[in-house]
Each structure stands twice: as C-alpha cells, then as structure tokens.
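What follows is each chain in one-letter form.
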Amino acid sequence: MRILLTGRSGQVGGALLPRLGENHDVLAPSRDQFDLGRPECLAAELDRLRPDLIVNPAAFTAVERAEDEPDLAFTVNAGAPQAMARWAARHDVPLIHFSTDYVFDGSGEAPWREDDACNPLSAYGRSKWEGEKAVQTSGASHLIIRTSWVYSAGRSNFLQTINRLAYEREELQVVADQFGAPTSAASIGQAVATIIAEHPSQRELAKLFARARGVVHLTNSGSTSWHGFASAIVEALRTRGMPIKAKSTRPMAACEYRARVARPANSRLDLTRLREAFGVVMPSWQEALESELDLLCGAK
Ligand SMILES: NC(=O)c1ccc[n+]([C@@H]2O[C@H](COP(=O)([O-])OP(=O)(O)OC[C@H]3O[C@@H](n4cnc5c(N)ncnc54)[C@H](OP(=O)(O)O)[C@@H]3O)[C@@H](O)[C@H]2O)c1
C-alpha cells in the first residue's frame, strides 16, 4: 500500500514511519511540502501523491499556545483534517486520524468510552473535537484514534522534563489529582502497524474501521497520576544507576500549579473496543516506560 503519513518529525509520526515502512511504501512529506496550516492546498498535493491510505498524526499540539492562536489551531486540527477527509471520500481512500483525551471534560472516575459525550475544556480540545466531527461527516472511511499523555525518548515531553529536572533538583513537585495513561509513541506505532497489517486493500480497511464504528481509544493499559508517572521515572533512573539529584517527588494539587489551561482531571480511556474490534491488547504503561527509558539512558 502507498501510505501518506503526516507529522514525520513528531512523536507519533516518528514512531509510525519505520513501523509502516516495514510493509508499505510510505510517503512522509515535510511540513513545508504538506502544510496543514494551508488546507486549501492539500487536495492538489493529494492528487499528486495519490495515496491508498492517509495516516494523520500531525497536529497543532501546543495546548497553551492554542489559547493564544486558536485560528491556527483550528486550521491545523480541524480545517486540514476536513480537507484530507473530503479528498479521501471523493477517492475512496481510507483515513486514520489521531485525536485526544482532551475532547472530554475529565469528569468522574470511570474510563471514557468512545461514544461518551465530548465536552472539551480548552481551545486545543475544541479544535481536535472539530477535527473529529469533520472526519466523521466527510463520508470517508475513517478510524479516529484517541490517545493520551504521549511521550517518547526523542521529543520534548513529560518524560524529558522529569528526566532533566531529576538531574537539577532534589525535590520535584508534580500534580497528583489528574489521572490518565502515559502512552509511549512506540506502543502506538506498534499497535497501528498491527491493526492494518492484515488488511492490505482499501475495501478491507473500510470493513476493519467499521468494526470500531470509526473511533477507538488506544493508550498503554493501566493508569496513574502525573505524580505517579514522575515517581516511576525517577525510581527507574535511580535503579539504572543514573547520577540524579532527585531524592523525592512531592504530590501537589492541579490548582496549586496554576496552569493557564484547564486539563481533564480524568483522562482514562477505556480500551475494550480496541481489544474487541482489533484484538489488540496494549502493554502496561510501566512496561512501555521501561522500554523507553532503556533508549533514553542508553543514549546518554
Ligand atoms: N502529545 C500528547 O500528549 C498527545 C496526547 C493525546 C493525543 N495526541 C494526539 O496525537 C497526535 C500525535 O501527537 P504527537 O505527540 O506526535 O505530536 P507532536 O510530537 O507535537 O508532533 C506534531 C507533528 O505535527 C507537525 N505539524 C504541526 N503543524 C503542522 C503543519 N502546519 N503542517 C504540517 N505538519 C505540522 C509537526 O511538525 P514540526 O515538527 O515541523 O512542528 C510534528 O511533526 C496528535 O494528533 C495529537 O493531537 C497527542
């Protein structure tokens, strides 16, 4: 299959590129070549590239900046997916699009199911929700993959921040009243490659996506708080004999942190549909973290 992959320099795009490349011909244009900030140009580019499948992890992911630049966030996260999905519908090309736990308001404690009501708290969340709706109403065969708390050894993210602070400070203060599943980009890459591996034709992919009714939650299994995640990172660094300064991680409330943007308190995503529709059972967040730390510490 000829796959168009966006966001190759990102965490998820970077993990998908080698995975998808094992069995497919992957076109992975740079941002300059395929700019989601200019949705009006995408149909012509797609006419030229002629993919059999579009995979779109690229997004405006800067949550705080999206409050200041909502127009650009909506263009990249909703206008561009809409343009791609409309082209996909016209050419019978299936589309895999990535979305987020931020479409939910984080109320309650139960893991969110795919059909639960969305009620985003932030401009970023609203832009991603608009993107989902545009894909869903486009007429294209689609699979929207919602994930959460993504990290990788390579890009700037929570793992990298805690890793840096662990060398700089004796005590780290971390939010302990927001819960979700830390998810390694590598686990996402592996799962997506598994999902599409057995389904090389567009007709088969359409049937496959219909099994999940077009939306699926995909994270590492289990859940923790940001404080739990940070503590696990620090503990694993210590176990590996890394010369860190950090002696303790102190839990704090989200309101003490005074973030500019409200984040969901409950970001847990239910993985039942992922298992039932695709037979995919995700590794635990702790296992995924160990693998990523092997890379991170090996790279030091
Ligand atoms: N990160 C998380 O914690 C998280 C959580 C839940 C869901 N998600 C979703 O998962 C997906 C992947 O996230 P990620 O963590 O891999 O994001 P990321 O590391 O921030 O990567 C975003 C990618 O999008 C590209 N991009 C941004 N603006 C673009 C534009 N105008 N035109 C073309 N490309 C553009 C970036 O290119 P540059 O390198 O040039 O900027 C980068 O390759 C996104 O849909 C995101 O909403 C992420």
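Quick note: structure is the one above.
Here the residue numbering is sequential within each chain, running from 1 through the sequence in written order. Restriction of local features to residues with pLDDT of at least 70 applies here, the model being predicted, together with a cutoff of 80 or more for giving and counting side-chain atom pairs; totals for whole chains, interfaces and linings are based on all residues. Heavy atoms from the whole structure form the basis of all side-chain values; hydrogens and water molecules are not counted.

This part covers the nonpolar core. Each nonpolar core is a collection of buried residues, namely Ala, Val, Leu, Ile, Met, Phe, Trp, Tyr and Cys, held together in the definition by side-chain atoms within 4.5 Å. Each residue's exposure class comes from its accessible area (1.4 Å probe, protein chains only) as a fraction of the maximum for that residue type: buried when under 20%, exposed when over 50%, partly exposed otherwise. Counting residues in hydrophobic clusters, the biggest one holds 30 residues, and the most contacted among them are L4, F34, L36, L46, I54 and M84. Think of it this way: any DSSP run of H or I at least four residues long counts as a helix, any run of E at least two long counts as a strand, and we number them from the N terminus. Secondary-structure elements contributing two or more residues to this core are α2 (42-49), α3 (63-68), α4 (70-90) and α5 (123-136). With eight residues, the single largest contributor to this core is α4. We call two residues in contact when some of their heavy atoms are within 4.5 Å. Ignoring sequence-local partners within four residues, the contact set of L46 consists of L4, F34, P51, I54, M84 and W87.

Put simply, a residue is near a molecule or strand once any heavy atom of it comes within 4 Å of that molecule or strand. Near the ligand, the surroundings consist of 26 residues, among which S9, V12, T61, Y124 and K128 are the closest. We call two N or O atoms a polar contact when they sit within 3.5 Å, provided that within protein one can donate a hydrogen and the other can accept it, with sequence-adjacent residues counted only if both atoms are side-chain atoms. Between the ligand and the protein, one listed contact pairs a nitrogen atom with a backbone N or O atom of L36 at 2.8 Å. Put simply, the parts of the chain that give the shell around the ligand at least two residues each are α1 (11-21), β4 (95-100) and α5. Per-element tally for the shell around the ligand: the top contributor is β4, with three residues. Classification convention: Asp, Glu, Lys, Arg as charged; Ala, Val, Leu, Ile, Met, Phe, Trp, Tyr, Cys, Pro as nonpolar; all other residues, Gly among them, as polar. Residue classes in the shell around the ligand are distributed as eleven nonpolar, ten polar and five charged.

Okay, empty space enclosed by the protein next. Both cavities and pockets are sets of points on a 1 Å grid over the protein atoms alone; in a cavity a 1.4 Å probe fits but cannot get out, in a pocket the set is open with protein on both sides within 12 Å along at least five of seven lines, and lining residues sit with an atom within 4 Å of a point. Grid points are joined across faces, edges and corners, and a volume is the space filled by probe spheres set on the points. On inspection of all chains with the given rule, the structure shows one cavity of 30 Å³ or more. Empty space within the largest cavity amounts to approximately 30 Å³. As for the largest cavity, its lining consists of D101, Y102, W149, Q178, W226, R263, P264 and S267. Of the residues contributing to the lining of the largest cavity, the split by class is four nonpolar, two polar and two charged.

Relative to the helices and strands, V103 is located in the loop between β4 and α5. Looking at V103, the relative accessible area reads 0%, which means it is buried. A C-alpha to C-alpha distance of 9.0 Å links V103 and P264, two positions 161 residues apart in sequence. Discounting chain neighbours no more than four positions away, the residues touching V103 are C118, N119, P120, G125, K128, W129, E132 and R146.

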